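# Working through the structure, step by step
Chain by chain, the residues:
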Amino acid sequence: MPKAAIATAVGSPLEIVDVDVADPKAGEIRIQMGASGVCHSDLSVVNGVLPIALPAVLGHEGAGTITQLGEGVDNLSIGDHVVVSWVPQCGVCFHCERDEGELCEVGSMASMSGGLLDMTSRVSRDGVPVSVMAASGTFAEEAIIPAIGAVKIDASIPLTAGALIGCGVLTGFGAAVNTASIRKGDTVVVIGCGGVGLNVIQGAKHAGAERIIAVDMVDGKLATAKKFGATDIVNPSTDGDAVAKVMELTGRGADVAFEVIGLGATIEQALQMTRRGGQAVIVGVPSFDTMLSINPAMDLLVNEKQIRGCWYGSSNVHRDVPMLAGLYSSGNLMLDELMSAQISLDGVNDAMANMGSGEIARSVIVF
Ligand code: APR
Ligand code: ZN
Ligand code: ZN
């Protein structure tokens, strides 16, 4: 029986247990998981910030090898290495046709349901169904996922790197390259330099930003941010108010400010830090009851600022995963540097506890 890390109650550590994983149904595949990153959104489920039906296999940043094909899957083969997309993307719905694959009507429903495309999960324990996070559940030795949620990568790409692409890189790099309108020479601010924020930084650099101001409360995270391309660093706990500091550094404010934590206060700061006509991009996932205080007359009208959300880096995964894997292969995307620790499935609770420490960008479970 495969092992999986499951959440059984909000606030409790994950339990490592044996689970049953049924055969893939039509349009599904079985994956032997190779690696899974531990992302802040996993912790958000444990904390109750992201609500899903429990018990549930957590994990949504994974890559593995296909071991079984469900009926009708003819674009993938047994043995293929695939990155798991936590929004399966059908390619033909209203949103996919408009290049908004991250909003795929088929995949979004599944992603929120705790199950796959038919809203049911293939995982159970002692006959009791166990949900899977985000149509995936990558904290498990085996997973069944929709075939439209798998993107083949070259076998030369390590599965650890593939896993990181699956959430943090698609989200962060995509926020800079797909969601935001960064122009060559722009000044950007990135508030929150964890696994996702570091990818916003390398995406912003790729998009041509000249000045990248990293904001974080932990000096260790800021030191890593510099390695990923930050040109200036601000630690509000020692440097004082982040908005004032960014104004001092830029004169008129940033062209684009990214919030990559998920807090109302820092989202408001992101908007305050942008210049007239600038853009604030929300990447972090706030709790569902978070409300903002915005002055529409000044901020949105007179100063013509934009505030926009960014779901999954506005990514078309079938286009962007191979593109990112190619950048990694040619030495133009830092993925190995993101992986601060390789752990076993048993270490997942410690990895979540360590997320706040300066040394850890991403912990990656290797199966
Ligand atoms: N001001 C500045 N930085 C902060 C603050 C704050 N008030 N609070 C937290 N941080 C920093 C932390 O020090 C950490 O470096 O934000 C960073 C968050 O990083 P991680 O915990 O590694 O989270 P990550 O996986 O990067 O996800 C960030 O994106 O996908 C979403 O759900 C995810 O909301 C989460 C966000
Ligand atoms: Zn994630
Ligand atoms: Zn679709």
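Further up the page is the structure itself.
## Things to note about the packing of aromatic side chains
- Under the defined criterion, the tally for this structure stands at two aromatic pairs.
- Consider the rings of W86 and W311, whose centres lie 5.1 Å apart with planes at 80 degrees: the pair is edge-to-face. Taken together, the residues span a long stretch of sequence, with W86 in the loop between β7 (81-84) and α2 (94-97) and W311 in the loop between β17 (306-309) and α11 (317-329) at a distance of 225 residues.
- Residue W86 is classed as buried on the basis of its relative accessible area of 9%.
- Ring geometry for W86 against Y312: centres 4.0 Å apart, planes inclined by 15 degrees, an arrangement best described as stacked. Of the two residues, W86 sits in the loop between β7 and α2 while Y312 sits in the loop between β17 and α11, which places them 226 residues apart along the sequence. Considered together, W86 and Y312 belong to a single accessibility category, that of buried residues.
- Here the basic side chain of R98 rests over the ring of F94, its NZ or CZ set 3.8 Å away from the ring centre.

## Quick notes on the packing of helix α8 (residues 242-250) against helix α9 (residues 264-273)
- At a closest axis distance of 9 Å, the pairing of α8 and α9 adopts a crossing angle of 20 degrees. It follows from the interaxial angle that α8 and α9 lie roughly parallel. The way α8 lies across α9 gives a crossing that is right-handed. Mapping the contact onto sequence places A242, V243, V246 and M247 in α8 and Q269, Q272 and M273 in α9.
- When grouped by side-chain class, the residues that make up the contact of α8 with α9 number five nonpolar, two polar and no charged.

## Quick look at the pattern of salt bridges
- As enumerated under the stated definition, the model contains 13 salt bridges in all.
- Of the charged contacts in the structure, one is a salt bridge between E28 and R122, with a shortest N-O distance of 2.8 Å. Taken as a pair, E28 in strand β4 (residues 28-37) and R122 in the loop between α3 (105-113) and β8 (123-125) lie far apart in primary sequence, 94 residues in all. Of the two residues examined, E28 and R122, each falls in the buried class.
- Here E61 and R362 are joined by a salt bridge, their closest N and O atoms 3.0 Å apart. Highlighted residues: E61 in strand β6 (residues 61-69) and R362 in strand β19 (residues 362-366), separated in sequence by 301 residues. Both residues of the pair, E61 and R362, belong to the buried class.
- A cluster of three or more residues bridged by salt bridges with shared partners is formed by K25, E28, D118 and R122.

So, how was this worked out
Residues numbered from 1 in each chain as written. Chains lettered and ligands numbered in written order. Predicted model: local features only at pLDDT ≥ 70, side-chain atom pairs only at ≥ 80, totals over all residues. Heavy atoms only, no water. Phe/Tyr/Trp six-rings, centres within 6.5 Å; stacked < 30°, edge-to-face > 60°. Helix = DSSP H or I, 4+ residues; strand = E, 2+ residues; numbered from the N terminus. Buried < 20%, exposed > 50% of the residue type's maximum accessible area, 1.4 Å probe, protein only. Lys NZ or Arg CZ within 6 Å of the ring centre and 35° of its normal. Axes fitted to C-alpha atoms, helices over the stretch in contact; angles between N-to-C directions. Parallel < 35°, antiparallel > 145°, perpendicular 65-115°, else oblique. Left-handed = near helix turned anticlockwise from the far one by under 90°. Contact = heavy atoms within 4.5 Å. Nonpolar A, V, L, I, M, F, W, Y, C, P; charged D, E, K, R; others polar. Salt bridge = Lys/Arg side-chain N within 4 Å of Asp/Glu carboxyl O.

Coordinates in, geometry out; function isn't part of it.
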